[in-house]
Amino acid sequence: MSDTIFHKIMRREIPADVVYEDEHLIAFRDIAPQAPVHVLFVPRVDIASMNDLQASQAEVVGRLVVAAAAYAKREGFAEDGYRVVINCNEDAGQTVFQLHLHLLAGAPLGRFGTP
Ligand code: 5GP
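Residues numbered from 1 in each chain as written. Predicted model: local features only at pLDDT ≥ 70, side-chain atom pairs only at ≥ 80, totals over all residues. Heavy atoms only, no water.

K.L.:
Teacher, can you tell me more about the side chain of threonine 4 here?
P.N.:
Note on placement: threonine 4 falls in the segment before α1 (5-10). Threonine 4 sits in the buried class, given a relative accessible area of 15%. The contacts of threonine 4, once residues within four sequence positions are left out, are Val96, Phe97 and Gln98. (Helix = DSSP H or I, 4+ residues; strand = E, 2+ residues; numbered from the N terminus. Buried < 20%, exposed > 50% of the residue type's maximum accessible area, 1.4 Å probe, protein only. Contact = heavy atoms within 4.5 Å.)

This is how it looks when you write it as structure tokens:
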């Protein structure tokens, strides 16, 4: 098993503000939020980055997206809107090499993609 900081959070070896979990994934607040709401959705299966995702693992990403959308509805900001982001490798600034989806919300987020 890989041993990133997110694996330690999943094993409850380090604390995190967990907002949702099930048998497939865990979701917790980002330690350095980039928006009023910044939650990370992390699959339990080991996948370092998007580059390591197999076609047979499409459901892994599907579950992250569905869980994020459900969280947005539950928390009441789905209609206002939100953004989901998956960073892959250096140019996108990926720092933790366990696949994860960022959910950002709670204020107008502006445009994105500018270096
Ligand atoms: P990445 O840059 O890899 O797409 O995203 C990694 C995210 O993990 C960053 O937004 C960073 O703030 C967050 N992060 C790093 N270490 C921790 C931690 O120990 N706890 C929590 N909750 N988030 C973390």
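K.L.:
Hey, could you run me through the site of the ligand in this one?
P.N.:
In the vicinity of the ligand lie 16 residues, with Arg29, Asp30, Asn87, Thr95 and His102 positioned nearest. In the environment of the ligand, a nitrogen atom lies 3.2 Å from a nitrogen or oxygen atom belonging to the backbone of isoleucine 31. Bound to the protein, the ligand loses 83% of the 520 Å² it would expose on its own. According to the grid-proximity analysis, the pocket containing the ligand is the largest pocket. At the level of secondary structure, the elements contributing two or more residues to the shell around the ligand comprise α1 and β2 (25-29). (Near = heavy atom within 4 Å. Polar contact = N/O pair within 3.5 Å; in protein donor to acceptor, adjacent residues only side chain to side chain. Areas by Shrake-Rupley, 256 points an atom, 1.4 Å probe, with all protein chains shown as cover. 1 Å grid on protein atoms, 1.4 Å probe; cavity = no way out; pocket = protein on both sides within 12 Å on 5 of 7 lines; lining within 4 Å. Sits in = over half its atoms within 2 Å of the grid points.)

K.L.:
Help me understand the nonpolar core, please; the structure alone is not making it clear to me.
P.N.:
Among soluble globular proteins, nonpolar side chains are generally buried collectively. Counting 18 residues, the largest nonpolar core has Phe41, Tyr71 and Phe77 as the members making the most contacts within it. Mapped onto this core, the elements with two or more residues apiece are β2, β3 (37-43), α2 (58-75) and β5 (101-105). Here the element with the most residues in this core is α2; it accounts for seven residues. Setting aside residues no more than four positions away along its own chain, phenylalanine 41 makes contact with Leu25, Ile26, Ala27, Leu64, Ala67, Ala68, Tyr71, Leu99, His100, Leu101 and Leu103. (Core = buried A, V, L, I, M, F, W, Y, C linked by side-chain atoms within 4.5 Å.)

K.L.:
Hey, could you run me through unusual backbone geometry in this one?
P.N.:
Leaving glycine out, the prevailing phi sign among residues is negative, and the prevailing peptide bond configuration is trans. You will see that arginine 12, though not glycine, has its phi angle at about 60°, which is positive. Tracing the chain through its elements places arginine 12 in the loop between α1 and β1 (18-21). Unlike most non-glycine residues, asparagine 89 shows phi in positive territory, near 65°. Positionally, asparagine 89 belongs in helix α3 (residues 89-92). Owing to a relative accessible area of 31%, asparagine 89 belongs among the partly exposed residues under this scheme.

K.L.:
What is the right way to read the pattern of salt bridges from this model?
P.N.:
A side chain with one charge can pair with a side chain of the opposite charge if their charged atoms come near. Under the defined criterion, the tally for this structure stands at seven salt bridges. For lysine 8, the salt bridge is made with aspartate 3, and the minimal N-O distance between the two is 3.5 Å. Judged by its relative accessible area of 46%, aspartate 3 is partly exposed. In this structure, glutamate 59 and arginine 63 form a salt bridge, with 2.8 Å as the shortest nitrogen-oxygen distance. (Salt bridge = Lys/Arg side-chain N within 4 Å of Asp/Glu carboxyl O.)

K.L.:
Whenever I open this one, the sheet that holds strand β4 (residues 82-85) confuses me. Can you help?
P.N.:
In a beta sheet, neighbouring strands are held together by backbone hydrogen bonds and run either parallel or antiparallel to one another. Within the open sheet, the five strands sit side by side as β1-β2-β3-β5-β4. Their pairing is antiparallel. The sheet terminates laterally at β1 and β4, the two strands that pair on one side only. Averaged over all pairs of adjacent strands, the angle between strand axes in this sheet comes to 20°, irrespective of strand direction. Relative to β5, β4 is paired through four bridges, and the arrangement is antiparallel. Its bridge partner being in β5, valine 85 is matched across the sheet by histidine 102. The strands touched by α2 are β1, β2, β3, β4 and β5; relative to β3, the strand with the most contacts, the crossing angle is about 150°. (Pairing = 2+ DSSP bridges. Axes fitted to C-alpha atoms, helices over the stretch in contact; angles between N-to-C directions.)

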